[in-house]
Structure formats: C-alpha cells, structure tokens
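Residue-level structural notes
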Amino acid sequence: MAITTDPADQDRVIEAVAGHHESREQRHFKEKMAVWIFISGDAIFLLMELFYWFYLRALNTSGMWRGAACSKANPCTDGLGNPITNEITKADPWYTVSIAILAVIAATLIWGVERSAQRQAKRGAISGAAAVGVLALLAAIVVQCYQFGHLPFTTIDGTYASTFEFFMGSTLAHLSLLAFIGVGLWTRARQGAYDGGRWYQVRIIRVFAVWIAVSTCILALVMSAFA
C-alpha cells in the first residue's frame, strides 16, 4: 500500500495499491459507478412505491383506502371478509419521523467520518464517529420494529394499511443494509484502514448513506402527510 496526493482532488492524500493491474483512478471510477448504478436502481424502486401509494390512494376502490365510507349501516369488509364499520386510524407519525431523523443523523456522522479521514484525524475520532453512526442506525431499526407491533391496523385492513406496512418493511431492509455496512466501516476504522488519508472507501459509503437518508425522509413525508 502506498500513500500519494492527487493534485486534481485538492491535494488530499489518497491510497494507491502498488502493483495493481488498474490505476487508482480506474478502480475508484468503477467503485463509484457501481454505487451509483445501485442507487439508480433503488431510486426506480422508490418511484414505483410512490406511484402506487398515490395511485391506490386516488383510486380508493370501494372506499377502502382507509375505509372512510364504512359504517355500521354500510359496512366494508377486510381481506378475510370481516366487517369494517369505521375509518381505519392513521399510524402514529412519531415513529416514522423519528426513524427519518435517525437516518439523517447516521448519514451526517458517516459524512463526518469521511471528513475526518480526509484530514487524517486520529483513529479514535474516525472510529468513534462511525460507532455513533451505527448506534443511530440500530436505534432506527429498533423503532421500526417496535412500530410493527403497535400499529392501529393490520395488513388486511384496507389499501392504506397494507401499503403502509410494505413501506415499513422497505425502510427496515434499507436501514439494516446500511447498518451492516456501517459495522464494517467501524471495524475497519478501528483497525486503522482509514489512517493516513485513506478515505476513498468512506466516500462511497457516505454517498450510499446519504441516499438512504434522503429516501427514508421521502417515504416518511408521504406516509405522514398523505395518509
């Protein structure tokens, strides 16, 4: 492993592997492209989620988005044929907003890890910020799991209920993936993998973390404001 400065990158110190069959620029370009391709695919999935949320909400088949038209005199039925005689209660937005805030905190901390590595900060500062970021993600996962057990509806209680739970599952999967990556980031930081200005891998993780935070906030806004 060799350490060098790149004049085109504000003279910041970055890593170069001696004897590698590709140049540093080629490897970093491919890594960036891989992350952005993954994010692009995930963005398409997010757009599909938003589309069917608003489409099903506007369609409101038989008044069963949230059952606003259901009453004792004119009951609706859930997915098992049980009667629904009142409008389905909205989920508590506190959980959804809290998860989004924790995702933003985690992404901000990971961004701080990148900045610390670029400035060649001490190993403890880099690994400490990474550890706090992982804790924020774990807290978000705990809140999301807790919300699953405290919803005022079940999956079969109309289109809003089933779509909301699907969004929760999607959020949980993304947070879990980022937490897994974050643990790797923290472990490598403790081992000194980002000492001496070797920051480029952290940048790739930061890009993904920011995307997760942005997409989580978008879903939280939709789930809270457009029920």
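This text follows the structure it describes.
Since this is a predicted model, take the numbers as computed values, not measurements. (Residues numbered from 1 in each chain as written. Predicted model: local features only at pLDDT ≥ 70, side-chain atom pairs only at ≥ 80, totals over all residues. Heavy atoms only, no water.)

For the chain, the count of helices and strands is five helices and four strands. Starting at the N terminus and walking to the C terminus, you meet the elements of the chain as β-β-α-β-β-α-α-α-α. Across the 227 residues of the chain, 45% fall into the buried class. Pairs at least 24 apart in sequence give 68% of the contacts found in the chain among residues at least 6 apart. As presented, the chain carries roughly 11,700 Å² of accessible surface, and 65% of it is formed by carbon and sulfur atoms. (Helix = DSSP H or I, 4+ residues; strand = E, 2+ residues; numbered from the N terminus. Buried < 20%, exposed > 50% of the residue type's maximum accessible area, 1.4 Å probe, protein only. Contact = heavy atoms within 4.5 Å. Areas by Shrake-Rupley, 256 points an atom, 1.4 Å probe, with all protein chains shown as cover.)

Its identity is not glycine, yet Asn-60 carries a phi of approximately 45 degrees, on the positive side. Tracing the backbone through its elements, the reader meets Asn-60 in the loop between α1 (24-59) and β3 (76-77). What makes Asn-60 partly exposed here is its relative accessible area of 31%. For Gln-120, which is not a glycine, the phi torsion comes out positive at approximately 55 degrees. By relative accessible area, Gln-120 is classed as partly exposed at 43%.

Secondary-structure assignment places Glu-114 in helix α2 (residues 93-118). A relative accessible area of 2% means that Glu-114 is categorised as buried. Excluding residues that lie within four positions of it along the chain, Glu-114 makes contacts with Trp-199, Val-202, Arg-203 and Arg-206.

Attention shifts here to the side chain of Ser-98. Within the element layout of this structure, Ser-98 appears in helix α2. Looking at Ser-98, the relative accessible area reads 16%, which means it is buried. A distance of 2.7 Å separates the side chain of Ser-98 from the backbone oxygen of Trp-94, its partner in a polar contact. (Polar contact = N/O pair within 3.5 Å; in protein donor to acceptor, adjacent residues only side chain to side chain.)

A separate point is the packing of α2 against helix α4 (residues 159-190). In a pair of packed helices, the angle between the axes and the distance between the axes together describe the arrangement. Where α2 contacts α4, the axes come no closer than 12 Å and their chain directions differ by 25 degrees. The angle between α2 and α4 places the two elements in the roughly parallel class. Handedness of the crossing formed by α2 with α4: left-handed. Contact residues: Thr-96, Ile-99, Ala-103, Ile-110 and Val-113 in α2; Phe-164, Thr-171, Leu-175, Leu-178 and Leu-185 in α4. Residues of the contact of α2 with α4, tallied by class, amount to eight nonpolar, two polar and no charged. (Axes fitted to C-alpha atoms, helices over the stretch in contact; angles between N-to-C directions. Parallel < 35°, antiparallel > 145°, perpendicular 65-115°, else oblique. Left-handed = near helix turned anticlockwise from the far one by under 90°. Nonpolar A, V, L, I, M, F, W, Y, C, P; charged D, E, K, R; others polar.)

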